[in-house]
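So you can see what is in the structure, the chains are spelled out below.
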Amino acid sequence: MMEPRKRRAVVAALAILPALAKFAAFGVRHVPGPCQTPACGAAAYAQRAAQATEPPAVLISRQLAARAHLSQGDLVTLGSDPKGTRRAVFRIAGIYEPTPDPMRFTATRLEARMHLPDLVDLAADPADPASREAATTINVRLADAADATKFATDLAARTPGVTARLASRPRDDDPFAVLDRFHIAISAVTMAGGTAFLLALMVIRAEERRETVGILRLLGISRRTLLLSVAVEGVAIAALGAVFGILLAFATEGLVNRIFQARYDTALVFVRVTSSIALRSVLIAAPLGIAAGIAASWTLLRRDLLSIVRR
Amino acid sequence: MEIVRAHDVSRIFPMPAGPVAALRRVSLTIAAGEHVAITGPSGCGKSTLLHLVGAVDSPTDGSIVFEGRDLASLSEPERGRLRLTRIGFVFQRFFLLPMLTAAENIELPQAEAGATAAARRSRTRELLAYVGLTDRADHLPSQLSGGEMQRAAIARALANRPALLLADEPTGELDEATSDTIADLFDRVNAGGTAILVVTHNPSLAARASRRLAMRSGRLLA
Amino acid sequence: MSALHLAWRTVRRYRAQTILAIAGVAVIGALLFDMLLLSRGLLLSFADLLERAGYDVRIVGGGGMALRMPIPDSAAIAGLVRRLPEAERVALVRILPARLAARDGKPSASVALIGVSGAAAGVWTIVRGVDLDRAAGEACPMIVGRSLAARLGVGPGDQVRINAEQAGVTSALPAMTCRIVGLGQFAFGGAGDESVATTFDALHRASGEDRAGDADLILAASRPDAGSAALVSAIQRARPGLAVYSNDEVVEQFNRNGFAYFRQISLVLSSLTMVFAFLLVATLLTVSVNQRLGEIAALRAIGIGRRRIAAMLLWESSLLVGVGGLLALPLGELLALGLDRILRQMPALPEQLHFFVFEPRALVIHAAVLVVTAVAAAAYPMWITARMPIAATLRREVVG
């Protein structure tokens, strides 16, 4: 396939687009069986070309449609080499949103999809019969997914030079696994910083109540009772705080996704707050809040009574 | 010579349950060097009157003139300057800065008034001796007794040689013996020429004043 | 009795909360500093690797950097470049997949066989033994990656057998025997460093081709007085249509395409940590001021001006953020080591590439962000104390 820059040049250069009428209906072309010789292939190509009453269909990506100002029903010429010597006319049957690829999210998805025989006709070397039989990838859906590893191993053994790979094989060196670890490390550091501040705030709160605590202790209320009341208060505040945090996360999730989707012109979802993530956050934040409150109060309660009540 | 003239002063506080008239058409004059005590039950408006005379608050109606200047015509920085140089405040809860020593608390208003370091130190030593806290100069408030803290607060109030000392329940948190010590100190301050306006529940403190006024329900009784 | 003195005494008095606040700022500041290092770290490291290779211009085939395709007529192009006055030296590079076996019976390893002509100094660094140009007389001298050699248990002087493979072609070429003359650290070698290098001629013989194939890459070093831009222009004038790039252009391309994720995440996290630090310090200061409202009202009552009190709060904020920010630097360096170690687990990453690289610019931005944070965090507490009704506050303190 030609590089996007050249592709656009060919499409844009041809002046036939505005002159052609937009046909309402468009059918699927009949594709004859595969040929075994160059002569047969060339003849079949010529036959199809002669028999064609409608240009073959092509789907283009939304980004390509926007960049080249194309719309459904337009006729376009696609070529497989920069000089445009091997080219064919296609009708745009539809515009699709490319499946977002996290590994290529910065790339502008200028792409087109067509039937395999049309691509073969366009790109195959007429002098090389094997080129009409070549494919880049063969996707296989197994009847039983549990057979995948064995199937891949058997296939690789039987067909030297072919790589059979599972589509969803988890690997230790998966870049997204590495990024996952990176994000967890960042989260841990953020939590550490936040915890220090939380403790500082709790110490201030405990100090604010010094007089009250002193009076209660003078009245005979035990440390245990006071700590229990702090813990109960801590549970309430931590629960409220956690809920607020989750709601804030959901709100910012949408904002972050909208910003980056607009920035990179992609449908990729960058941030997703799942129920598992929300639960993990609550399970970390709530005990942390309670523990900070108890720890700060304990620093006050463990002092002797006179030093608490004295200014 | 009068230093304070309050004429028909009222102060109404807007409250959720309805406006509250803390002061109703109060008139008061204080002459230079005079010692005035105002007594009355809690909530009668004593502290409110003190705050108005001290330019800490503004009346809803009426006027207050301090040394010939109408307080209403002064900007906030001018009122602050007045409080710093011409008025001294003593509070029931002392309000010393807990992180500064007794000496540093006394130095603070002098620094704000622009005194040099040498002048501040000299004046502070003088005041510490005056209130009997020379050997407690480097102690933090948490290391002082209630009486000592109040003496330090009085010394702070006198730091810039004010014309008028305002004291809001200065013995409210002190025992009788300590209260008498404070009362003696007020006598000495007044004898030195500083006018004093004290609001108090303490009859023996009030008895030291040359003029005693009673307040009830926001009004000065005749 | 300056505002700084008052602030210092305040933070000293409330020791526990001061230490905790400084610790919090230090940790968040460390994260901020690291994100600043990350924002251009990979780019700086990549540029450094390119520079260290010793060549500042490269010619590639296939019309772009992303795809490795042979350069047609590469020998002639290399000769033409050598003759340009702007060029100092030129090297041809070709890379083929191959299998390397140390001894009969031992399992072989998949390697990248690099064939280099001319001076290739810088593409690898010799750590043991000698370089290819000092192995005169050897039919097939070889440089083996250090970690690969350790894995195979080979060293300088050992013989190995190499089976080159042509991409996309099933072949059964006979193995060729080569002698290891040195162990090297390849500039763009991964952690496993499965690269081996030999001469262009030896690679041609190993590939079984009837004529020397085209190079995948032509490296050129410009004369110091000419510069890479001049050499690029000279090559483009001599041979229009060639894909020629200076190192700066290569770095810029990778900056646009390959490093976008890290740029974005460093921007997002830098912003978040700044907001986080601001919120935390502002909250802490506000709560602390609320705790001392009586004191502050009394100060206002005795004539201490708003300006001095505001300055005191600003100094308090500055002390917390300033000390924390200073501590954040060594903490950030330590944290960067750990985060760099995590990210370098990415597959196929050159071993010498780093994500977190120090540059003075990061320090300046770090300081500027912290200054802004300190000022912004003090703004609301300053506003509270400036607008505070003195009398009402005093009354509340007495009653409450």
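For clarity, every value in this text was computed on a predicted model and none was experimentally measured.

Some remarks on the overall build of chain A
And step 1. Regarding its fold elements, chain A presents 11 helices and 4 strands.
And step 2. Looking at chain A as a whole, 16% of its 311 residues qualify as buried.
And step 3. Intrachain contacts of chain A at a sequence separation of at least 6 include 73% that bridge at least 24 residues.

Remarks on the overall build of chain B
And step 1. The number of helices and strands found in chain B is 7 helices and 10 strands.
And step 2. Against the globule reference of 17 Å for 222 residues, chain B gives a C-alpha radius of gyration of 17 Å, in line with a compact fold.
And step 3. Taken over the C-alpha atoms alone, chain B extends approximately 50 × 40 × 40 Å along its principal axes.
And step 4. For chain B, with 222 residues in total, the buried portion stands at 51%.

Points about the sheet that holds strand 5 (residues 69-70) of chain B
Residues and elements named next belong to chain B.
And step 1. The strand order 2-1-4-5 describes an open sheet built from 4 strands, whose pairing is antiparallel. For this open sheet the edge positions go to strand 2 (20-31) and strand 5, each flanked by a neighbour on one side alone.
And step 2. One ladder, built from 8 bridges, connects strand 1 (residues 2-13) with strand 2; its direction is antiparallel. In the strand pairing of strand 2, Glu 2 is matched with Ala 31.

Topic: the pairing of strand 1 (residues 57-61) of chain A
Regular strands show a simple pattern: their side chains alternate between the two faces of the sheet.
Residues and elements named next belong to chain A.
And step 1. On strand 1, burial follows the alternation: Val 58 and Ile 60 on one face are buried, whereas Ala 57, Leu 59 and Ser 61 on the facing-out side are not.
And step 2. Looking at chain direction, strand 1 and strand 3 (residues 87-96) are connected through 5 bridges and run parallel. Bridge pairing links Leu 59 to Gly 94 in strand 3.

Details of the sheet that holds strand 3 of chain A
All names here are of chain A.
And step 1. A sheet is described by the order of its strands in space; here 4 strands give the open sequence 2-3-1-4, paired in mixed fashion. The outermost strands of the open sheet, each flanked by one partner alone, are strand 2 (75-79) and strand 4 (112-114). Taken pair by pair, the neighbouring strands of this sheet meet at an average axis angle of 45°, ignoring direction.

Looking at the pairing of strand 6 (residues 159-164) of chain C
Residues and elements named next belong to chain C.
And step 1. On strand 6, burial follows the alternation: Val 160, Ile 162 and Ala 164 on one face are buried, whereas Gln 159, Arg 161 and Asn 163 on the facing-out side are not.
And step 2. In this structure, strand 2 (residues 87-101) lies alongside strand 6, joined through 4 bridges in antiparallel fashion. Residue pairing in the sheet places Arg 99 in a bridge with Asn 163 of strand 6.
And step 3. In this structure, strand 6 lies alongside strand 7 (residues 176-186), joined through 4 bridges in antiparallel fashion. Residue pairing in the sheet places Ile 162 in a bridge with Met 176 of strand 7.

With respect to the domain arrangement of chain B
All names here are of chain B.
And step 1. Per the domain assignment, the segments of chain B are domain 1 (2-86 + 162-221) and domain 2 (97-155).
And step 2. In this structure, domain 1 and domain 2 have C-alpha centres spaced 24 Å apart.
And step 3. Each partner contributes to the interface: domain 1 provides 9 residues, whereas domain 2 provides 9 residues.
And step 4. Contributing elements (two or more residues each) for the side of domain 1 that touches domain 2: helix 2 (76-85) and helix 6 (176-191).
And step 5. The leading source of residues in the side of domain 1 that touches domain 2 is helix 6, at 4 residues.
And step 6. Split into classes, the residues belonging to the side of domain 1 that touches domain 2 amount to 5 nonpolar, 3 polar and 1 charged.

Re the domain arrangement of chain A
You'll often see interface size given as the accessible area lost when the parts meet.
Residue and element names in this part refer to chain A.
And step 1. Domain boundaries in chain A define domain 1 (4-136) and domain 2 (175-309).
And step 2. Taken together, the contacts link 7 residues of domain 1 with 5 residues of domain 2.
And step 3. Split by residue class, the side of domain 1 that touches domain 2 holds 3 nonpolar, 3 polar and 1 charged.

What about unusual backbone geometry?
And step 1. Positioned with a positive phi, Asp 265 of chain A is a non-glycine residue whose angle comes to about 55°.
And step 2. Structurally, Asp 265 of chain A can be placed in the loop between helix 9 (223-264) and helix 10 (275-301).
And step 3. For Asp 265 of chain A, a count of 13 C-beta atoms within 10 Å translates into the label partly exposed.
And step 4. Located in the positive-phi region is Asp 8 of chain B, a residue other than glycine, with phi close to 50°.
And step 5. Overall, the presence of 12 C-beta atoms within 10 Å leaves Asp 8 of chain B in the exposed class.

Re the nonpolar core
And step 1. Formed by 219 residues in total, the largest nonpolar core has its most connected members in Ala 200 of chain A, Ala 155 of chain B together with Met 142, Ile 218, Ala 220 and Val 281 of chain C.
And step 2. Among the elements that make up this core, the one with the highest residue count is helix 2 (residues 15-52) of chain C (19 residues).
And step 3. Residues in contact with Ala 220 of chain C, not counting those within four places in the same chain, are Tyr 55, Val 57, Val 81, Ala 87, Val 90 and Leu 231 of chain C.

Things to note about the environment of Ser 266 of chain C
Residues and elements named next belong to chain C.
And step 1. Here Ser 266 shows up in helix 8 (residues 260-291).
And step 2. Taking the C-alpha atoms as reference points, Ser 266 and Leu 37, separated by 229 residues in sequence, lie 8.5 Å from one another.
And step 3. What Ser 266 contacts, discounting residues up to four positions off in sequence, is Met 35, Leu 38 and Ser 39.

Quick notes on helix 2 of chain B
And step 1. Within helix 2 of chain B, the full set of buried residues consists of Arg 79, Gly 80, Leu 82, Arg 83 and Leu 84 of chain B.
And step 2. Packing partners of the buried residues in helix 2 of chain B comprise strand 4 (61-66), strand 6 (87-90) and helix 3 (102-113) of chain B together with helix 9 (293-301) of chain C.

Focus: the confidence of the model for chain A
Residues and elements named next belong to chain A.
And step 1. Averaged over all residues, the pLDDT of chain A is 77; the fraction at 70 or higher stands at 78%.
And step 2. Confidence, expressed as mean pLDDT per element, reaches its minimum in chain A at helix 2 (residues 16-19) with 31 and its maximum at strand 1 with 94.
And step 3. Across residues 1-33, confidence stays below pLDDT 50; counting only partners more than four residues off in sequence or on other chains, it has 38 contacts.

Digging into the interface of chain C and chain A
And step 1. Taken together, the contact between chain C and chain A spans 28 residues of the former and 24 residues of the latter.
And step 2. With 9 residues, helix 2 of chain C is the largest single contributor of residues to the side of chain C that touches chain A.

Digging into the packing of helix 2 of chain C against helix 7 (residues 247-257) of chain C
Residues and elements named next belong to chain C.
And step 1. Between helix 2 and helix 7, the shortest axis-to-axis distance is 10 Å and the interhelical angle comes to 150°. Between helix 2 and helix 7, the angle is such that the two are roughly antiparallel. As helix 2 runs across helix 7, the sense of the crossing is right-handed. Along its contact with helix 2, which presents Leu 43, Phe 46, Ala 47, Leu 50 and Glu 51, the element helix 7 presents Asn 247, Val 250, Val 251, Phe 254 and Asn 255.
And step 2. Counted by class, the contact of helix 2 with helix 7 contains 7 nonpolar, 2 polar and 1 charged residues.

Section: the confidence of the model for chain B
And step 1. Looking at chain B as a whole, the pLDDT averages 92, with 100% of positions reaching at least 70.
And step 2. Interface scoring of the predicted complex returns ipTM 0.81; its pTM is 0.77.

Quick look at the packing of helix 2 of chain C against helix 8 of chain C
Residues and elements named next belong to chain C.
And step 1. The contact between helix 2 and helix 8 brings their axes to 8 Å, and the two run at 160°. Taken together, the axis directions place helix 2 and helix 8 in an arrangement best described as roughly antiparallel. Helix-helix and strand crossings are classified by hand; for helix 2 and helix 8 the assignment is left-handed.
And step 2. The residue makeup of the contact of helix 2 with helix 8, split by class, is 18 nonpolar, 6 polar and 1 charged.

With respect to helix 11 (residues 360-387) of chain C
Residue and element names in this part refer to chain C.
And step 1. The end-to-end C-alpha distance of helix 11, which contains 28 residues, comes to 41 Å, matching closely the 40 Å that a straight helix rising 1.5 Å per residue would cover.
And step 2. Along helix 11, the largest kink reaches about 35° and is centred on Ala 379; proline Pro 381 follows within four residues of it.
And step 3. For helix 11, the set of buried residues is Ala 362, His 366, Val 369, Leu 370, Thr 373, Ala 374, Ala 377, Ala 378, Pro 381, Met 382 and Thr 385.
And step 4. Lining the buried residues of helix 11 we find helix 2, helix 8, helix 9 and helix 10 (306-343).

Parameters at a glance
Residues numbered from 1 in each chain as written. Chains lettered and ligands numbered in written order. Predicted model: local features only at pLDDT ≥ 70, side-chain atom pairs only at ≥ 80, totals over all residues. Helix = DSSP H or I, 4+ residues; strand = E, 2+ residues; numbered from the N terminus. Buried ≥ 20, exposed ≤ 12 C-beta atoms within 10 Å, placed from the backbone. Contact = placed C-beta atoms within 7 Å. Rg over C-alpha atoms; globule rule 2.2 N^0.38 Å. Pairing = 2+ DSSP bridges. Axes fitted to C-alpha atoms, helices over the stretch in contact; angles between N-to-C directions. Domains from an automatic or database assignment. Nonpolar A, V, L, I, M, F, W, Y, C, P; charged D, E, K, R; others polar. Core = buried A, V, L, I, M, F, W, Y, C linked by C-beta atoms within 7 Å. pLDDT = per-residue confidence, 0-100. Parallel < 35°, antiparallel > 145°, perpendicular 65-115°, else oblique. Left-handed = near helix turned anticlockwise from the far one by under 90°. Expected span 1.5 Å × (residues − 1). Bend = angle between axes of the 7 residues up to and from the residue.

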